[in-house]
Amino acid sequence: MSSLQGYVDRRVTLILQDGRVIVGLLAGFDQKSNVVLSDSKERVYSTDEGVEEIPLGLYLVKGDMMCVFNSFSHARESNPRCSTLIGELDEEIDQATDLSTIRAEPLPPIRY
Amino acid sequence: MLIFSVFKTLTDQTVTVELKNDLSITGVLKSVDQFLNIRLDNITVSDAARHPHMMAVKNCFIRGSVVRYVSLPAEHVDTQLLEDATRREAANQVKR
């Protein structure tokens, strides 16, 4: 079983179906690859300014076809979002990176 | 189930996974499950200049449903055996 066990309590990057990138501490997961991130931040990439970090707090990301829930009631929108990819962040490299200098196109959404 | 078995025989080989968001990730296949979720180690993103999003990521878990292609090391796949096995499975399905 290819599970997320090794990522618990690690800082992870999550890429969602709509192309968003969220980093946070993996608090938990289940067999459907629903995940809970604590202290999470969205990283917004753009070509004309550096990466913007938006604090999101505690996030529950559905593994499959459903929505993201978070601890803020004023969620900006309620589009269905789900995770596509989870990666472990190398803290050293991540901390050495100056996010304000990075320019990149946002990732495209998943197209089935 | 057949493809799951094929992937299991390919663990510790280097594969390239292309996702449905056009991201291509090369890495060592660590494990795979029945949903064809994939775990890769020591990853590199092709066209890293365009996709710095994964710069600090060294290993990752990819949801099976977002994989478009997996390119396999040809020398580690017995094509003849796979061909026979897939035909046998297809024949069994027709019978059922």
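Reading the values: the criteria
- Residues numbered from 1 in each chain as written.
- Chains lettered and ligands numbered in written order.
- Predicted model: local features only at pLDDT ≥ 70, side-chain atom pairs only at ≥ 80, totals over all residues.
- Heavy atoms only, no water.
- Helix = DSSP H or I, 4+ residues; strand = E, 2+ residues; numbered from the N terminus.
- Buried < 20%, exposed > 50% of the residue type's maximum accessible area, 1.4 Å probe, protein only.
- Contact = heavy atoms within 4.5 Å.
- Salt bridge = Lys/Arg side-chain N within 4 Å of Asp/Glu carboxyl O.
- Buried area = accessible area lost by both parts, 1.4 Å probe.
- Polar contact = N/O pair within 3.5 Å; in protein donor to acceptor, adjacent residues only side chain to side chain.
- Nonpolar A, V, L, I, M, F, W, Y, C, P; charged D, E, K, R; others polar.
- Pairing = 2+ DSSP bridges.
- pLDDT = per-residue confidence, 0-100.

**Side note on the overall build of chain A**
On a plain count of helices and strands, chain A comes out with one helix and six strands. Secondary structure elements of chain A, listed N to C terminal, follow the sequence β-β-β-β-β-β-α. Looking at chain A as a whole, 46% of its 112 residues qualify as buried. For chain A, restricting intrachain contacts to residue pairs at least 6 apart in sequence, the fraction spanning at least 24 positions comes to 46%.

**As for the side chain of His51(B)**
Note that His51(B) resides in the loop between strand 3 (38-45) and strand 4 (57-62). When neighbours within four sequence positions are excluded, His51(B) is seen to be in contact with Leu107(A), Leu23(B), Val45(B) and Ser46(B).

**Overview of unusual backbone geometry**
Positive phi, normally seen in glycine, also occurs at Asp9(A), with a value near 70°. Along the chain, Asp9(A) turns up in the segment before strand 1 (11-16). The phi angle at Leu36(B) is positive, at roughly 60°, despite the residue not being glycine. Its place among the elements puts Leu36(B) in the loop between strand 2 (24-32) and strand 3.

**Overview of the pattern of salt bridges**
Residues and elements named next belong to chain A. Counted by the stated rule, this structure contains eleven salt bridges over all chains. Measuring nitrogen to oxygen at the nearest pair gives 3.9 Å for the salt bridge that ties Glu91 to Arg11. One end of the pair, Glu91, is in helix 1 (residues 91-96); the other, Arg11, is in strand 1, and 80 residues separate them in sequence. The closest approach of N and O atoms between Asp94 and Arg11, which form a salt bridge, is 3.2 Å. Linking Asp94 in helix 1 with Arg11 in strand 1, this pair joins segments that are 83 residues apart in sequence. A relative accessible area of 10% means that Asp94 is categorised as buried. Residues participating in the shared-partner salt-bridge network are Arg11, Arg43, Glu53, Glu91 and Asp94.

**Digging into the interface of chain B and chain A**
Counting residues at the interface gives 31 residues for chain B, matched by 38 residues for chain A. Carbon and sulfur atoms supply 59% of the area that chain B and chain A bury against each other, a total of about 2,700 Å² over both sides. On the chain B side of the interface with chain A, the three residues burying the most area are His53(B), Phe61(B) and Arg63(B), jointly 27% of the side's total. Where chain B packs against chain A, one counts zero salt bridges. Linking chain B with chain A are nine residue pairs in polar contact (both at pLDDT 80 or more). When contributions to the side of chain B that touches chain A are tallied by element, the ones reaching two or more residues are strand 2, strand 3 and strand 4 of chain B. With six residues, strand 4 of chain B is the single largest residue contributor to the side of chain B that touches chain A. Across the side of chain B that touches chain A, the residue classes break down as 15 nonpolar, eight polar and eight charged. Pairing geometry for strand 6 (residues 83-89) of chain A and strand 4 of chain B, over five bridges, is antiparallel.

**Details of helix 1 (residues 2-9) of chain B**
Those residues of helix 1 of chain B lying buried are Leu2(B), Phe4(B), Val6(B) and Phe7(B). The secondary structure elements touched by the buried residues of helix 1 of chain B are strand 2, strand 5 (67-71) and helix 2 (79-95) of chain B.

**Some thoughts on the confidence of the model for chain B**
Note: predicted coordinates in regions of low pLDDT should not be interpreted at a detailed level. Residues with a pLDDT of 70 or more make up 100% of chain B, whose mean pLDDT is 90. This prediction of the complex comes with two scores: 0.84 for pTM and 0.82 for ipTM.

**Section: the pairing of strand 3 (residues 35-44) of chain A**
Residue and element names in this part refer to chain A. Note: strand 2 (residues 21-29) against strand 3, seven bridges, orientation antiparallel. Across the sheet, residue Leu25 finds its bridge partner in strand 3, namely Ser38. Between strand 2 and strand 3, which pair antiparallel one after the other, the connecting turn spans five residues, and Ser33 there sits at a positive phi close to 55°. Inspection of the sheet shows strand 3 paired to strand 4 (residues 52-61) by eight bridges, in the antiparallel sense. Within the sheet, the bridge partner assigned to Val35 lies in strand 4 and is Val61.

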